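# Remarks on the overall topology
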Amino acid sequence: MDLGVRERIAKRAAQELADGMIVNLGIGIPSLIPNFLGNRRILFQAENGVLGIGKSPAKGEEDANLCNAAGYPVTVVSGASYFDSATAFAMIRKGLIDVTVLGGLQVSEQGDLANWMVPGKRVPGVGGGMELAQKTKKVIVVMSHVNKDGEPKIVPTCSLPLTARRCVDLIITDRAVIEVTNEGLLLTEVMAPHDVADVVFHTAAPLRMAGTLKRIE
């Protein structure tokens, strides 16, 4: 996806966040979310020991000693705090994170998440995603609707190694917004220029339609 599409997904995900929340962001698209908050005050937490991450720094103004868990440069807001990784993970395991926004490789109709094993690639491991997916109050997955081969990433059952089972609450892609409910996947919004038929065709799992289906222009 080009940057414009990634930013569009991040902007929509930012709408799920409210004042006073403590939020953890995964790498990639989630890291763009602080750029779309407006006047809302939200504390972003990172596993490497930061609470209070701000917008991305302007080019040339990066601080080599200030980064997120993925190693990318960040800024901090007034009142930010620093601590060790043990404390950061204690916050996660204690259930103190309100929302986590993660990337995804596959999401099943039951809300299972696979987001760390890239086929044919060597990766360092699952990282903090497993604990975030299990312990956070709300889990949002942002991703492309299909993979590079055009295959659906929203599937009946994940074929890749799982990060966590039945953890995903909301899926936001470049084509749609889909809620994970006890009755299955509920399509609530479609992103232009795509339509409902296109979303259904590129989703391997069954979809129910919301009574008030929205279109994001």
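Everything below is about the structure shown above.
## Points about the overall build of the protein chain
A count of helical and extended segments in the protein chain gives four helices and 13 strands. At 17 Å, the protein chain has a C-alpha radius of gyration in line with the 17 Å of a compact globule built from 217 residues. The C-alpha extent of the protein chain, read off along each of the three principal axes, is 45 × 35 × 30 Å. Scored against the burial criterion, the 217 residues of the protein chain give a buried share of 47%. Put simply, of all contacts in the protein chain between residues at least 6 apart along the chain, 60% involve residues at least 24 apart. Each charge class in the protein chain was averaged separately, 23 positive and 23 negative side chains, and the resulting centres sit 2 Å apart.

## With respect to helix α2 (residues 85-93)
For α2, the complete set of buried residues consists of Ala88, Phe89, Met91 and Ile92. One side of α2 carries all its buried residues, which in axial view fall inside an arc of 150°. Looking at the residues trailing α2, positive phi occurs at Gly95, about 85°.

## What to know about helix α1 (residues 3-14)
Taking 1.5 Å per residue, 12 residues should reach 16 Å; α1 reaches 16 Å between its end C-alpha atoms and fits that length. Taken together, the buried positions of α1 are Ile9, Ala10, Arg12, Ala13 and Ala14. On its buried face, α1 sits against β8 (138-142), β10 (170-172), β11 (176-181), β12 (184-191) and β13 (207-216). Its side-chain oxygen placed 3.1 Å from the backbone nitrogen of Gly4, Asp2 serves as the N-cap of α1.

## Describing the nonpolar core
Core analysis: the biggest nonpolar cluster contains 30 residues, and Val168, Ile171, Ile178 and Leu185 have the highest contact counts within it. Of all elements in the fold, only α2, α3 (129-135), β8, β11 and β12 reach the threshold of two or more residues within this core.

## A short note on the sheet that holds β12
Read across the open sheet, the 10 strands follow the order β4-β3-β2-β1-β5-β8-β10-β11-β12-β13; overall the sheet is mixed. Taken across any chain shown, the strands that pair with only one partner, and hence form the sheet edges, are β4 (76-82) and β13. Within the sheet, the average angular offset between the axes of one strand and its neighbour, ignoring direction, is 20°. α2 rests against β1 (22-25), β2 (43-46) and β3 (50-53) of the sheet, and its axis sits at about 115° to β2.

## As for the pattern of salt bridges
Using the criterion set out here, one finds seven salt bridges in the structure. Here Glu131 ties to Arg93 by a salt bridge, and the two come within 2.4 Å at their closest N and O atoms. Pair noted here: Glu131 is in helix α3 and Arg93 is in helix α2, with a separation of 38 residues, a long-range link. Residue Arg93 is classed as partly exposed on the basis of its relative accessible area of 47%. With a shortest N-O distance of 3.2 Å, Lys137 and Asp98 are connected by a salt bridge. Here Lys137 is found in the loop between α3 and β8, whereas its partner Asp98 is found in the loop between α2 and β5 (99-103), with 39 residues between them in sequence. The exposure class assigned to Lys137 is exposed, which follows from its relative accessible area of 55%. What you see here is one network of salt bridges that share partners, running through Arg12, Glu16, Lys138 and Glu189.

## Things to note about a nonpolar patch on the surface
A cluster of nonpolar residues, Val196, Val200, Met209 and Leu213, forms a patch on the protein surface that exposes about 270 Å² of accessible area. Those elements that place two or more of their residues in the nonpolar patch are α4 (196-201) and β13. Along the polypeptide, Leu213 turns up in strand β13.

## What about the side chain of Thr100?
Position of Thr100 among the secondary structure elements: in strand β5. Given a relative accessible area of 0%, Thr100 falls into the buried group. A polar contact is formed between the side chain of Thr100 and the backbone oxygen of Asn24, at a distance of 3.2 Å. Ignoring anything within four residues of it in the chain, the contact list for Thr100 reads Asn24, Leu132, Thr136, Lys138, Val139 and Ile140.

## Looking at the state of the cysteines
In the structure shown here, the tally under the stated rule is zero disulfides. No disulfide involves Cys158; its nearest neighbouring cysteine sulfur is the one of Cys167, lying 9.0 Å away. According to the relative accessible area criterion, Cys158 is buried, its value standing at 13%.

Rules of the game
Residues numbered from 1 in each chain as written. Predicted model: local features only at pLDDT ≥ 70, side-chain atom pairs only at ≥ 80, totals over all residues. Heavy atoms only, no water. Helix = DSSP H or I, 4+ residues; strand = E, 2+ residues; numbered from the N terminus. Rg over C-alpha atoms; globule rule 2.2 N^0.38 Å. Buried < 20%, exposed > 50% of the residue type's maximum accessible area, 1.4 Å probe, protein only. Contact = heavy atoms within 4.5 Å. Lys, Arg positive; Asp, Glu negative; His and termini not counted. Charge placed at Lys NZ, Arg CZ, Asp CG, Glu CD. Arc of directions from axis to C-beta. Expected span 1.5 Å × (residues − 1). Polar contact = N/O pair within 3.5 Å; in protein donor to acceptor, adjacent residues only side chain to side chain. Core = buried A, V, L, I, M, F, W, Y, C linked by side-chain atoms within 4.5 Å. Pairing = 2+ DSSP bridges. Axes fitted to C-alpha atoms, helices over the stretch in contact; angles between N-to-C directions. Salt bridge = Lys/Arg side-chain N within 4 Å of Asp/Glu carboxyl O. Patch = residues over 30% accessible without salt bridge, like charges linked within 9 Å, V, L, I, M, F, W, Y side chains within 5 Å. Areas by Shrake-Rupley, 256 points an atom, 1.4 Å probe, with all protein chains shown as cover. Disulfide = S-S within 2.5 Å.

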